[in-house]
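Coordinate analysis (summary)
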Amino acid sequence: MTIPAVFFWILLAFAAVQLVYAARALPRALRAGPGARTDPWLTFTDHVLSIPLTVFLALGEMEAAFYATLLLGPVLTWSLVRSFRSATASKEA
């Protein structure tokens, strides 16, 4: 599949931004204390796994992008579950 040049460069720029966000999220994940570690690590993992997905999309490798989505899917699902749990817990309090 051929991706237009404009979208290729936009997706590569987005991958570079994701790399910066992953680098910024790693120190927060490393210094998170017990009981508060899951959210920073989910954020870091989300950014890291988004990089290959974006690069594969930019290169037009849809099969590889599918497999990258399979890796990213559970991370995003668990982040969504945790956000719903925290919203419910804050309403109950």
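Thresholds, definitions, all that
Residues numbered from 1 in each chain as written. Predicted model: local features only at pLDDT ≥ 70, side-chain atom pairs only at ≥ 80, totals over all residues. Heavy atoms only, no water. Helix = DSSP H or I, 4+ residues; strand = E, 2+ residues; numbered from the N terminus. Buried < 20%, exposed > 50% of the residue type's maximum accessible area, 1.4 Å probe, protein only. Contact = heavy atoms within 4.5 Å. Axes fitted to C-alpha atoms, helices over the stretch in contact; angles between N-to-C directions. Parallel < 35°, antiparallel > 145°, perpendicular 65-115°, else oblique. Left-handed = near helix turned anticlockwise from the far one by under 90°. Nonpolar A, V, L, I, M, F, W, Y, C, P; charged D, E, K, R; others polar. Patch = residues over 30% accessible without salt bridge, like charges linked within 9 Å, V, L, I, M, F, W, Y side chains within 5 Å. Areas by Shrake-Rupley, 256 points an atom, 1.4 Å probe, with all protein chains shown as cover. Salt bridge = Lys/Arg side-chain N within 4 Å of Asp/Glu carboxyl O.

Let's talk about the side chain of Ser50
- Relative to the helices and strands, Ser50 is located in helix α2 (residues 38-59).
- According to the relative accessible area criterion, Ser50 is buried, its value standing at 10%.
- Ser50 has contacts with Gln18 and Leu72, leaving out every residue within four places of it along the chain.

Let's talk about the packing of helix α1 (residues 5-30) against α2
- Two numbers describe how α1 lies on α2: the axes approach to 8 Å, and their chain directions differ by 165 degrees. It follows from the interaxial angle that α1 and α2 lie roughly antiparallel. Judged by the sense of rotation from one axis to the other, the crossing of α1 with α2 is left-handed.
- Its residues assigned to classes, the contact of α1 with α2 shows 21 nonpolar, 5 polar and 1 charged.

What to know about a nonpolar patch on the surface
- A surface patch of nonpolar side chains, amounting to about 310 Å² of accessible area, comprises Val6, Phe7 and Ile10.
- Mapped onto the elements, Ile10 comes out in helix α1.

Digging into the packing of α2 against helix α3 (residues 62-92)
- Interhelical geometry of α2 versus α3 gives an angle of 160 degrees and a closest axis separation of 9 Å. Here α3 runs roughly antiparallel to α2, going by the angle between their axes. Handedness of the crossing formed by α2 with α3: left-handed. Along its contact with α2, which presents Thr38, Asp39, Leu42, Thr45, Asp46, Leu49, Ser50, Leu53, Phe56 and Leu57, the element α3 presents Met62, Ala64, Ala65, Ala68, Thr69, Leu71, Leu72, Val75, Leu76, Trp78, Ser79 and Arg82.

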